[in-house]
Amino acid sequence: GKDKELVRESWESLGKNKVPHGVVMFTRLFELDPNLLSLFPYNMKNGSMQDCLSSPEFLEHVAKVMLVIDAAVSNLDDLNSLEDYLINLGRKHEAVGVKIQSFAVVGESLLYMLQRSLGPAYTAALRQAWLNVYGFVVAAMSSGWRE
Ligand code: HEM
C-alpha cells in the first residue's frame, strides 16, 4: 500500500550509508535524555557526549540500529518474520539496563532525523507510516522484557 511505499522510498532516499543519519538520531536522543549516555559502556572515561558519539564501538551500535530498521523496511510485507529476532533483541536491551519507556524517546529521535533529512518530503502521512513501523519494532522488542 501507500504507507509501505512512503517508508521504503524515504528510507532509500537517505542514501546507502545510514550511519551519519543514525548519528543525528542518537545526538538528538542524548539531547532529549542525557541519562541514556551512561548505558553505553564505551564512554566510561569521562562520559562526555562527544566522546561517546565518536567512539568506534558506539558507531558500530549506530550501524546495528540502522540495520535493524533496514531489516524492518525490507520486510514490511512480513514484519512478523522479525518478531523472534526482535524479542531476543529486547531481552538484550533489558540486560544492559534500557527501560521500555526510553523507546518512546528513541522514536522521537528517529522522527527528528527523518524530518531533518527529508525536508518537505516529511509529511503527516509519512510520519504516521513510520510510526506504524517503529511501533511494531518497539512492541516486539518490549515483549522480550521479563519484568
Ligand atoms: C546492542 C544500548 C536502542 C539495536 C546494544 C548494546 C547496548 C545497547 C549497550 C550492547 C553493546 C553493543 O552491541 O554495542 C542501547 C540503548 C538504546 C538502544 C541505550 C536506546 C535507549 C537500540 C535500538 C535498536 C538497537 C532502537 C534497533 C532497533 C541493537 C543491536 C545490538 C544492540 C542490533 C546488538 C545485539 C547483539 O549483540 O546481538 N544496545 N540500544 N538498539 N542494540 Fe541497542
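Located above this text is the structure these notes cover.
Everything quoted here is computed from the prediction, not taken from an experiment.

*Asks:* Sorry, what's going on with helix α6 (residues 102-118) here?
*Replies:* Helical geometry: 3.6 residues make up each α-helical turn, so side chains three or four residues apart lie on a common side. Compared with the 24 Å implied by 1.5 Å per residue over 17 residues, the 24 Å span of α6 between its first and last C-alpha is a close match. S102, F103, V105, V106, G107, S109, L110, L111, M113, L114 and L118 are the residues of α6 that are buried. Lining the buried residues of α6 we find α1 (2-13), α2 (19-32), α4 (56-74) and α7 (124-142). Two residues or fewer after α6 comes G119, characterised by a positive phi angle close to 60°.

*Asks:* Just to check I follow, could you spell out the environment of S102 for this structure?
*Replies:* With respect to the helices, strands and loops of the structure, S102 is situated in helix α6. In sequence terms S102 and L36 are 66 residues apart; their C-alpha atoms lie 8.3 Å from each other.

*Asks:* How should the packing of α1 against α7 be read in this particular structure?
*Replies:* Axes are the key here: two packed helices are described by the angle between their axes and the distance separating the axes. One can describe the packing of α1 onto α7 by two numbers: an axis separation of 9 Å at closest approach and a directional angle of 90°. It follows from the interaxial angle that α1 and α7 lie roughly perpendicular. From α1, D3, L6, V7, S10 and W11 reach across to α7, where they touch A125, L126, A129, W130, N132 and V133. For the contact of α1 with α7, the residue count by class is eight nonpolar, two polar and one charged.

*Asks:* Sorry, what's going on with the site of the ligand here?
*Replies:* Surrounding the ligand, one finds 15 residues, the nearest of these being Y42, H61, K64, K92 and H93. Within the side chain of K92, an N or O atom sits 2.5 Å from an oxygen atom of the ligand. Residue H93 places a side-chain N or O atom 2.7 Å away from a nitrogen atom belonging to the ligand. Those elements giving two or more residues to the shell around the ligand turn out to be α4 and α5 (83-95).

Rules used throughout
Residues numbered from 1 in each chain as written. Predicted model: local features only at pLDDT ≥ 70, side-chain atom pairs only at ≥ 80, totals over all residues. Heavy atoms only, no water. Helix = DSSP H or I, 4+ residues; strand = E, 2+ residues; numbered from the N terminus. Expected span 1.5 Å × (residues − 1). Buried < 20%, exposed > 50% of the residue type's maximum accessible area, 1.4 Å probe, protein only. Contact = heavy atoms within 4.5 Å. Axes fitted to C-alpha atoms, helices over the stretch in contact; angles between N-to-C directions. Parallel < 35°, antiparallel > 145°, perpendicular 65-115°, else oblique. Nonpolar A, V, L, I, M, F, W, Y, C, P; charged D, E, K, R; others polar. Near = heavy atom within 4 Å. Polar contact = N/O pair within 3.5 Å; in protein donor to acceptor, adjacent residues only side chain to side chain.

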